[in-house]
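Fold and contact review
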Amino acid sequence: MATIEIKFSELAHWHKIHLNTAWHISLRSKDPSTKCGAIITKGKYEVSLGYNGFSTRVKDLPERYADRYLKYQLMLHAETNAILKSKKSLNHTTIYTYPLPPCVRCACNIIQAGITKVIAPKPLGSLALRWKDSLNLASTLYNESDVQLILVTDIPEWPEPCID
């Protein structure tokens, strides 16, 4: 299935809400360099969500996040976290991710879980360069597996939420 690019302003209302929710969930991440969020939906309804971070019972120690190699060894990506937290079947669901599409490792989990649509911002700048090879390979896997990838352009800058 081919990758589609669409402007944020052209998205259906529920897609905008879910993409915004993925952004909002990303703010829960304690990763100082890249905060990622994911939400899995069935139609208009949320099924599961996740953000990048360490497993539930693993200590969120600042020195672990400061060591890039160690951090990547311990980190669960937002997409995998959302898949693992789901208590329902994920067949024929959609996953929204922010700030970039899933890497190839997460794409494997998405395909295996039965998710059939991925909606994410089109990566730009340093994110696009850093993740280029992984994202290209993920796109190849989606094509082979009939998973639709929708890359969203012109996403507005969302303000920091009020947290009391």
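Just so you know, these numbers come straight off a predicted model, no measurement behind them.

**A word on the pairing of strand β3 (residues 45-51)**
- Taken together, the 6 bridges between strand β2 (residues 37-42) and β3 define a ladder with antiparallel strand orientation. From the neighbouring strand, Thr41 faces β3, where its bridge partner is Glu46.
- The antiparallel hairpin formed by β2 and β3 contains 2 residues in its connecting segment, where Gly43 sits at a positive phi of about 65°.

**Some points on empty space enclosed by the protein**
- For the structure shown, the criterion picks out 1 cavity of 30 Å³ or more.
- Reported here for the largest cavity is a volume of approximately 220 Å³.
- Around the largest cavity sit 18 residues that line it, and Thr34, Cys36, His77, Leu100 and Trp131 are the ones nearest its centre.
- Of all the secondary structure elements, the ones that give two or more residues to the lining of the largest cavity are α4 (78-85), β4 (94-98) and α6 (125-144).
- When the residues that make up the lining of the largest cavity are grouped by side-chain class, the tally is 10 nonpolar, 5 polar and 3 charged.

**Here we look at the nonpolar core**
- Formed by 21 residues in total, the largest nonpolar core has its most connected members in Ile40, Ile83, Ile95, Ile110, Ile115, Val118 and Tyr142.
- Of all the elements in the fold, those that place two or more residues in this core are β2, α4, α5 (104-113), α6 and β6 (148-153).
- No other element matches α6, which puts 4 residues into this core.
- Those residues in contact with Ile40, other than ones at most four positions away along the chain, are Tyr45, Glu46, Val47, Ser48, Ala82, Ile83, Leu90, Thr93, Thr94, Ile95 and Ile115.
- Membership of the second largest hydrophobic core comes to 11 residues, among which are Phe8, Leu11, Leu19 and Ala22.

**A short note on α6**
- Taking 1.5 Å per residue as the helical rise, α6 with its 20 residues ought to reach 28 Å, and the 27 Å between its terminal C-alpha atoms agrees with that figure.
- Lys132 marks where α6 bends most, by close to 70°.
- Among the residues of α6, those classed as buried are Leu127, Ser134, Leu135, Ala138, Ser139, Leu141 and Tyr142.
- On the buried face of α6, the contacting elements are α5, β5 (117-121) and β6.
- Positive backbone phi, at 55°, marks Asp146, one or two positions downstream of α6.

**Concerning unusual backbone geometry**
- With an omega of 15°, the peptide bond running from Tyr98 to Pro99 counts as cis.
- With respect to the secondary-structure elements, Pro99 resides in the loop between β4 and α5.
- The backbone phi angle of His92 is positive, close to 60°, even though this residue is not glycine.
- Structurally, the position occupied by His92 is in the loop between α4 and β4.
- Under the relative-accessibility criterion, His92 is labelled exposed at 62%.
- Here Asp154, not a glycine, exhibits a phi torsion of approximately 55°, which is positive.

About the criteria used
Residues numbered from 1 in each chain as written. Predicted model: local features only at pLDDT ≥ 70, side-chain atom pairs only at ≥ 80, totals over all residues. Heavy atoms only, no water. Pairing = 2+ DSSP bridges. Helix = DSSP H or I, 4+ residues; strand = E, 2+ residues; numbered from the N terminus. 1 Å grid on protein atoms, 1.4 Å probe; cavity = no way out; pocket = protein on both sides within 12 Å on 5 of 7 lines; lining within 4 Å. Points joined across faces, edges and corners; volume = space filled by probe spheres on them. Nonpolar A, V, L, I, M, F, W, Y, C, P; charged D, E, K, R; others polar. Core = buried A, V, L, I, M, F, W, Y, C linked by side-chain atoms within 4.5 Å. Buried < 20%, exposed > 50% of the residue type's maximum accessible area, 1.4 Å probe, protein only. Contact = heavy atoms within 4.5 Å. Expected span 1.5 Å × (residues − 1). Bend = angle between axes of the 7 residues up to and from the residue.

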